[in-house]
Amino acid sequence: MKLPLSWLSEFIAFPKKITIDQIVEGFVKVGFEVEGVENPAKDIQGPLVIGQVISIEELTEFKKPIRYVALNCGEKSLRYVVCGATNFKENDFVIVAMPGAVLPGGFAIAVRETYGKTSNGMICSARELGLGDDHSGIMVLEAKKAKPGVDAKVFLGINDPVIDIAVNPDRGYAMSIRGAARELAMSLDLEFKDVNSKALISSLEKKKKSGKKVSALITDPSGASRIYLQSLIDVDPLKPTPDWMARRLTQCGMRSISLAVDITNYVMLELGQPLHAFDTAKIQGSLRVQRAGKYKDFVTLDNVKRKLSTEDLVIADDKKVLALAGTMGGLESEVSEFTASIALEAAHFTPMAVAQNSRRHVLSSEASRRFERGVDPELAEIASARAALLLIELSGAKYVGSSKKITPIKLRTATFSSSEISELIGCAYSDKEVQLALTKIGCKLRKSGKKWIVSIPSWRPDLNNMPDFAEEVARYFGYQRIPSILPNVKPAKSGASGLTSIQQRKRGMALQLAARGLVEVHNYPFVSAKQMELFNFTGDRAKTFKIANPMSEEMPFLRTHLTPGLLATAARNLARGEKSVALFETGLVFRNTEKLIPAGNVPTSKRPTAAQIKKIYESVPKQALHVAGVLAGDFEQAGWWGSGRSAEWTDALDLVAELIASTGNQFTVHNVELAPWHPGRCAEFQVNGKAVAHAGEIHPRIISELALPPRTVAFALIMDALPFAESVKAAPVVTMPAAIQDISLFVPQEVSAQQVKEALIQGAGELLESIQLFDRYQKPGEQQVSLAFTLVFRASDRTLTSDEVSALRTAAGEQAVKSCKAVLRS
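Residues numbered from 1 in each chain as written. Predicted model: local features only at pLDDT ≥ 70, side-chain atom pairs only at ≥ 80, totals over all residues. Heavy atoms only, no water.

*Asks:* Any details on the side chain of Asn-39? Residues and values, ideally.
*Replies:* Relative to the assigned elements, Asn-39 resides in the loop between strand 2 (33-38) and strand 3 (48-59). Residue classification places Asn-39 among the buried positions, given a relative accessible area of 14%. The contacts of Asn-39, once residues within four sequence positions are left out, are Ile-158, Asn-159, Asp-160 and Pro-161. (Helix = DSSP H or I, 4+ residues; strand = E, 2+ residues; numbered from the N terminus. Buried < 20%, exposed > 50% of the residue type's maximum accessible area, 1.4 Å probe, protein only. Contact = heavy atoms within 4.5 Å.)

*Asks:* Can you tell me about the environment of Asp-431, naming the residues and giving the values?
*Replies:* Tracing the backbone shows Asp-431 in helix 12 (residues 431-440). Sequence separation of Asp-431 and Lys-447 is 16 residues, and the distance between their C-alpha atoms is 9.7 Å. Separated by 2.5 Å, the side chains of Asp-431 and Ser-418 make a polar contact. (Polar contact = N/O pair within 3.5 Å; in protein donor to acceptor, adjacent residues only side chain to side chain.)

*Asks:* Please set out unusual backbone geometry residue by residue, giving values where relevant.
*Replies:* For the peptide bond that leads from Ala-675 to Pro-676, omega is 10°, which places it in the cis range. Residue placement: Pro-676 occurs in the loop between strand 35 (668-672) and strand 36 (677-687). Of note in the backbone geometry, Asn-688 takes a positive phi value of approximately 55° without being a glycine. Examined against the element boundaries, Asn-688 turns out to sit in the loop between strand 36 and strand 37 (690-698). In this structure, Lys-821 takes a positive phi of about 55° despite not being glycine.

*Asks:* Tell me what's going on with the packing of helix 11 (residues 418-425) against helix 13 (residues 466-477), and back it up with residues and numbers.
*Replies:* At a minimum axis separation of 9 Å, helix 11 and helix 13 run at an interaxial angle of 75°. Taken together, helix 11 and helix 13 sit at an angle that is classed as roughly perpendicular. Counted together, Glu-420, Ile-421, Leu-424 and Ile-425 of helix 11 and Met-466, Pro-467, Phe-469, Ala-470, Val-473 and Ala-474 of helix 13 form the full contact between these two elements. When its residues are assigned to classes, the contact of helix 11 with helix 13 shows 9 nonpolar, no polar and 1 charged. (Axes fitted to C-alpha atoms, helices over the stretch in contact; angles between N-to-C directions. Parallel < 35°, antiparallel > 145°, perpendicular 65-115°, else oblique. Nonpolar A, V, L, I, M, F, W, Y, C, P; charged D, E, K, R; others polar.)

*Asks:* Quick rundown of the packing of helix 2 (residues 20-29) against helix 4 (residues 177-188)? Include the residues and the values.
*Replies:* Packed helices, taken two at a time, are described by the angle between their axes plus the distance between the axes. Put simply, helix 2 and helix 4 touch, their axes get as near as 8 Å, and they point 100° apart. Of the possible angle classes, the one that applies to helix 2 and helix 4 is roughly perpendicular. Contact with helix 2, carried on its side by Gln-22, Ile-23, Gly-26, Phe-27 and Lys-29, involves Ala-180, Leu-184, Ser-187 and Leu-188 of helix 4 and no other residues of that element. Across the contact of helix 2 with helix 4, the residue classes break down as 5 nonpolar, 3 polar and 1 charged.

*Asks:* Please set out empty space enclosed by the protein residue by residue, giving values where relevant.
*Replies:* Per the counting criterion, the structure on display carries 2 cavities of 30 Å³ or more. Taken as a whole, the largest cavity holds about 150 Å³ of empty space. If you go around the largest cavity, you meet 15 residues; those closest to its centre are Tyr-173, Ser-176, Leu-271, Asp-376 and Leu-379. A total of 3 residues in the lining of the largest cavity trace back to one element, the largest contributor, which is helix 4. Here the residues of the lining of the largest cavity are counted per class, giving 6 nonpolar, 5 polar and 4 charged. The wall of the second largest cavity is formed by Asn-523, Tyr-524, Pro-525, Phe-526, Val-527, Arg-559, His-561, Leu-562, Pro-564, Gly-565 and Glu-585. Counting residues per element, the ones that place at least two in the lining of the second largest cavity are strand 29 (526-527) and helix 16 (563-575). (1 Å grid on protein atoms, 1.4 Å probe; cavity = no way out; pocket = protein on both sides within 12 Å on 5 of 7 lines; lining within 4 Å. Points joined across faces, edges and corners; volume = space filled by probe spheres on them.)

*Asks:* Tell me what's going on with the state of the cysteines, and back it up with residues and numbers.
*Replies:* Tallying each qualifying case throughout the model produces 0 disulfides. There is no disulfide at Cys-83, and the cysteine sulfur nearest it, in Cys-124, is 9.3 Å away. On the basis of relative accessibility, which here comes to 7%, the residue Cys-83 falls in the buried class. (Disulfide = S-S within 2.5 Å.)

*Asks:* Describe the pattern of salt bridges, and please don't skip the residues or the numbers.
*Replies:* On inspection of all chains with the given rule, the structure shows 39 salt bridges. Here Glu-420 makes a salt bridge to Lys-451, at a shortest N to O gap of 3.4 Å. Taken as a pair, Glu-420 in helix 11 and Lys-451 in strand 27 (residues 451-455) lie far apart in primary sequence, 31 residues in all. Here Glu-804 ties to Arg-798 by a salt bridge, and the two come within 2.8 Å at their closest N and O atoms. Note on Glu-804: relative accessible area 26%, which makes it partly exposed. Look at Arg-798 and you get partly exposed, because its relative accessible area is 33%. Overlapping salt bridges, with partners in common, bring together Arg-171, Glu-183, Arg-460, Asp-462, Glu-472 and Arg-475 in one network. (Salt bridge = Lys/Arg side-chain N within 4 Å of Asp/Glu carboxyl O.)

*Asks:* I'd like a description of the sheet that holds strand 26 (residues 444-448), backed by residues and values.
*Replies:* Overall, antiparallel pairing links the 3 strands, which are arranged 25-27-26 in an open sheet. The sheet terminates laterally at strand 25 (413-417) and strand 26, the two strands that pair on one side only. Averaged over all pairs of adjacent strands, the angle between their axes in this sheet comes to 25°, without regard to strand direction. Across 5 bridges, the pairing between strand 25 and strand 27 is antiparallel. Within strand 27, the residue paired with Phe-416 across the bridge is Trp-452. (Pairing = 2+ DSSP bridges.)

*Asks:* Provide a residue-level description of the side chain of Asp-164, including the pertinent values.
*Replies:* Structurally, the position occupied by Asp-164 is in strand 13 (residues 162-166). In this structure Asp-164 touches Met-1, Lys-2, Glu-33, Val-34, Glu-35 and Gly-36, once residues within four positions along its chain are discounted.

*Asks:* Give a detailed account of the nonpolar core, specifying residues and quantitative values.
*Replies:* Counting residues in hydrophobic clusters, the biggest one holds 106 residues, and the most contacted among them are Phe-27, Phe-349, Leu-438 and Phe-469. Top element by residues in this core is helix 10 (residues 379-395). It accounts for 12 residues. In contact with Phe-469, not counting residues within four places along its chain, are Ala-414, Phe-416, Ile-421, Leu-438, Cys-443, Val-454, Ile-456, Leu-463 and Asn-464. The next biggest cluster of nonpolar side chains, apart from the first, holds 31 residues, and it includes Ala-582, Ala-683, Phe-685 and Ala-695. (Core = buried A, V, L, I, M, F, W, Y, C linked by side-chain atoms within 4.5 Å.)

In short, geometric facts, not functional conclusions.
Given below as structure tokens:
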């Protein structure tokens, strides 16, 4: 929200010596982020004056229009300049930059020879002065107020800083000059000069003339609680917007369109109430707030034909839709240069109804952003009166009456004590301080015993419960008053850390993967239909949720697996010059495998009950915690130490094995076919007979589509599917020497290395300390695979003899022969 200082000054009695830095600090103190301060005057140096056009000589020998203009700049003689603009005539008043001036962008003005003439200065457009984006012609000033030779910077009020503040969604009351000024006055402890609403309404009624007015109706009370229509006739549609109003609109980031439209925008910026001007001649019957119902489509002001939902909230007459309520007007009822009578509409729409309009039509406007955040219901009458008076003053219109349909505003109250606020904030506040802070924001307080009964102002829909008021008290007296005290962390059962078991596991696995050289990434949890099709997910992994209002229409689904996002991120990094990537991510996945039961409305004024909490969890999808990674390109870099190597499927398997082993769980490995992995090159890890992870090479089709390196590998582990061990027992340290034996076997190709490994472990007995597969070979066309393992034996109390070791090796081999149809190699 952009706030010109001159406009704020109409609502706040600023001291003469106050600085812009103090004003910025005032906004920050009460919780507004100041995004910047703009002041065009800082970028303009040297003489800038008002000049009157005395004569114009058209230089016709050039391809484009060129004029040689004589100007009266309040000097003894006329000043001549060359100008290419044609939107001014003799006796008009313009802005002249004299030689020696420097305009925004470092544009220095000097006497120069051009088009065969001497140009002694420059006539300026709004964009050249940094006052707007209009560069279609030079600025033409109102003749009544302009005078040759006057300092243009003073005349235009260029030295007027504009403060740009960020307004959070729950603070819609600050999306106006008036609302922001109220907050600033409170922060700086200055007088706030509010609008005299009674005087405005009374002044309008005194100007009432006879004539036909447009009637207003609300046929759907769920969409609006009140509407005011001010009817005006004899409007002069060709009256220009005054310079001061157009200037303020530009300062606030809006462009001047026409007088009637500019007045509605001006009042919206000033007071915070969106308005709309309808051409009365285009209205058939009365104006009513209703749902679209039978109406199928209509064209908005941006000339887009929009298909209407039956639930869209609209403003219609007896025959057609005229506006998308609170969002955008219709082209058919637009005010034009032929408009002679206007119906000014100001309504209080339900925030939810406007938000649904905006989301359904992907149409966000200045009006919808305000209604969605909550507009003061009392503003409709005040703002419509203010806009009507401006139309009467500036266009010569006549007021013929108003029509309204209103629902009484319910007085909202809250009850709490000062001690409750102090306890919540963690800082002591007296009754006087609580009363002062809440009075400053517009509340009315009375005491009932130790409790305050607070009447909430109509412009603060965000104030409902005691914590809301506690925030206001803390904000008023400054957050720096709250002591910085670290909370007492209750030790978790598993140790001194306050982290839960799953949090400890998540952090430990992330550190483990980072130590192996993988880089952690965080992707959005959204996927596209194209990704779901590419990855060929089936079963539960194909059951996703479609988001009602996605951030992007291309990615409307929640992810059911981490690999789509990870592989897309890998491809993006490789496309930007990376030669290899090793990435991992921990995150939740969402699968639509159970029917969700809505929890209903759960009040936030107190902690929900156990039953309510259960219903809340039943109303949202179960979200499994996964960790996944992708390795593409070189896994070991080449250098002076030797050659590197590309990532292989065994690297992905090793990472998963390490992760599972770190949890104290035993696992088995099985060969499976599962997308998105290559058929025959995907391993499934099972714990207690349940699949917990998969790893292997990615399917060539996906690699080709994403332009990934050949044989890119990936893994995915369901972190919360692994049982939690009560304690992890460290293996005893044995000082006796180890005995190492190798064993080679032929096994049928359908027997996995893991099965052979398990058989060897079973046969070797308790003295086997470790086993490692170090070689696998299969000749093309053969049905057998050669596997070679290293067996390490060790006893805790003695050195094993060669006979003992040979016997153990033989026993291991015999078990493999029996269980796996293996043949020992000599």
